[in-house]
Amino acid sequence: MQKLDLSNKRVLVTGASSGLGLELARQLARDHKAHPILVARRRDRLEALAKELEGVGAKPELVAADMTRPDDRARVFNETTEQAPLAAAILNAGVTYFGHALEQSAESVDGLIATNVSAVVDLAVRYVAYFKRRGDGGGLLLVSSMASLQPMPYQAVYGASKAFVTSFGQALAEEHADDPLSVTTFCPGGIATDMIESAGMGEKYNKNHPMVMGVEPCAKLALDAFVRRDRVYVPGALNKLTALSSKLAPMSLVTKLVARDYREVLPKR
Ligand SMILES: NC(=O)c1ccc[n+]([C@@H]2O[C@H](COP(=O)([O-])OP(=O)(O)OC[C@H]3O[C@@H](n4cnc5c(N)ncnc54)[C@H](OP(=O)(O)O)[C@@H]3O)[C@@H](O)[C@H]2O)c1
């Protein structure tokens, strides 16, 4: 199959109000000459970004929506596919929780699973069916994480949600291997965004940490892998090495090492 050509095409980006999603939208407009469709809850941020993207010649659209709400997800799908063709979709919106699993509230667990898992399955299935119907080489990018590659003590529900996404993305790609579409699962390590800060991990995991990537290079590598139609992509040499080591080492050891690292930044009880 040919590379994904995003030039002058409409491309959905969820979680476009901040961090990786915002940077993906920027690079889609600037470097790929695409027209991003911006989705998140914070409309004011989407409006500011849309204005910026118009400045580089894009025709952005925005849909304020909450990924935890099934009716909002249906609306996003309808609004992005009914009026004009959609070439590609990036499901990037996500939330985390850092701390002891027993201290994460039921509300937070439900919100995390709805955003990171239910919304991804719901929209992925809708868009893959849509791309298959159109038959013109659509692409779906799922933003997962290296947290999907082993258990994540102190980000237990988040790690499990991303393990779901990486497994689901690869399975979906294989089910549609003979169809004119691609499903790419992107697994970054740490990225210097609000997510790390608001989870309370920023003191250690900031842009000076060797395992934390800047958002610009991370977004570029994500879009390169997406355009190449890679099945799974881990960005950065150090991340690739870490991913390989965690595959080769006993899972119990890798889990202990993650826990040891995270205990250093856990809020003191
Ligand atoms: N930062 C990292 O170290 C890291 C590492 C690996 C993978 N990732 C993954 O990268 C993706 C982007 O994260 P980020 O680091 O860029 O975090 P971020 O800066 O906190 O951005 C998260 C985005 O998701 C949106 N979002 C969250 N809940 C939502 C909801 N219920 N409905 C709609 N949108 C929602 C937010 O928008 P609103 O709040 O405006 O709705 C925001 O635009 C996530 O899937 C994350 O798991 C991050």
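Before going into details, it helps to say that this report is about the structure given with it. The shown structure was predicted, so the numbers you read here are calculated from the model rather than taken from an experiment. (Residues numbered from 1 in each chain as written. Predicted model: local features only at pLDDT ≥ 70, side-chain atom pairs only at ≥ 80, totals over all residues. Heavy atoms only, no water.)

**Some remarks on the pattern of salt bridges**
Now for step 1: A full pass over the atoms with the stated rule returns 18 salt bridges.
Now for step 2: Of the charged contacts, one joins lysine 132 and aspartate 179 as a salt bridge, the two residues approaching to 3.4 Å between their closest N and O atoms. Note that lysine 132 is positioned in helix α4 (residues 106-134) and aspartate 179 in the loop between α5 (156-175) and β6 (181-186), a separation of 47 residues in sequence.
Now for step 3: The partner of lysine 220 in a salt bridge is aspartate 224, and the shortest N-O contact between them spans 2.8 Å. Here lysine 220 pairs with aspartate 224, and both are found in helix α7 (residues 215-228), just four residues apart, close to one helical turn.
Now for step 4: By relative accessible area, which is 45% here, lysine 220 ends up partly exposed.
Now for step 5: Ionic contacts of the salt-bridge type, sharing partners, join the residues Arg69, Asp71, Asp72, Arg75 and Glu79 into one network. (Salt bridge = Lys/Arg side-chain N within 4 Å of Asp/Glu carboxyl O. Helix = DSSP H or I, 4+ residues; strand = E, 2+ residues; numbered from the N terminus. Buried < 20%, exposed > 50% of the residue type's maximum accessible area, 1.4 Å probe, protein only.)

**Observations regarding the sheet that holds strand β1 (residues 10-14)**
Sheet strands line up and pair through hydrogen bonds in the backbone, either parallel or antiparallel.
Now for step 1: What the seven strands build is an open sheet, ordered β3-β2-β1-β4-β5-β6-β9; its pairing is parallel. At either margin of the open sheet sits one strand with a lone partner, and together these are β3 (61-64) and β9 (232-233).
Now for step 2: Here two bridges tie β6 to β9, and the two strands are oriented parallel to one another. Considered in β9, the bridge of phenylalanine 186 is made with tyrosine 233.
Now for step 3: Along the sheet, α5 contacts β5 (138-143), β6 and β9; its crossing angle with β6, the most-contacted strand, is approximately 155°. (Pairing = 2+ DSSP bridges. Contact = heavy atoms within 4.5 Å. Axes fitted to C-alpha atoms, helices over the stretch in contact; angles between N-to-C directions.)

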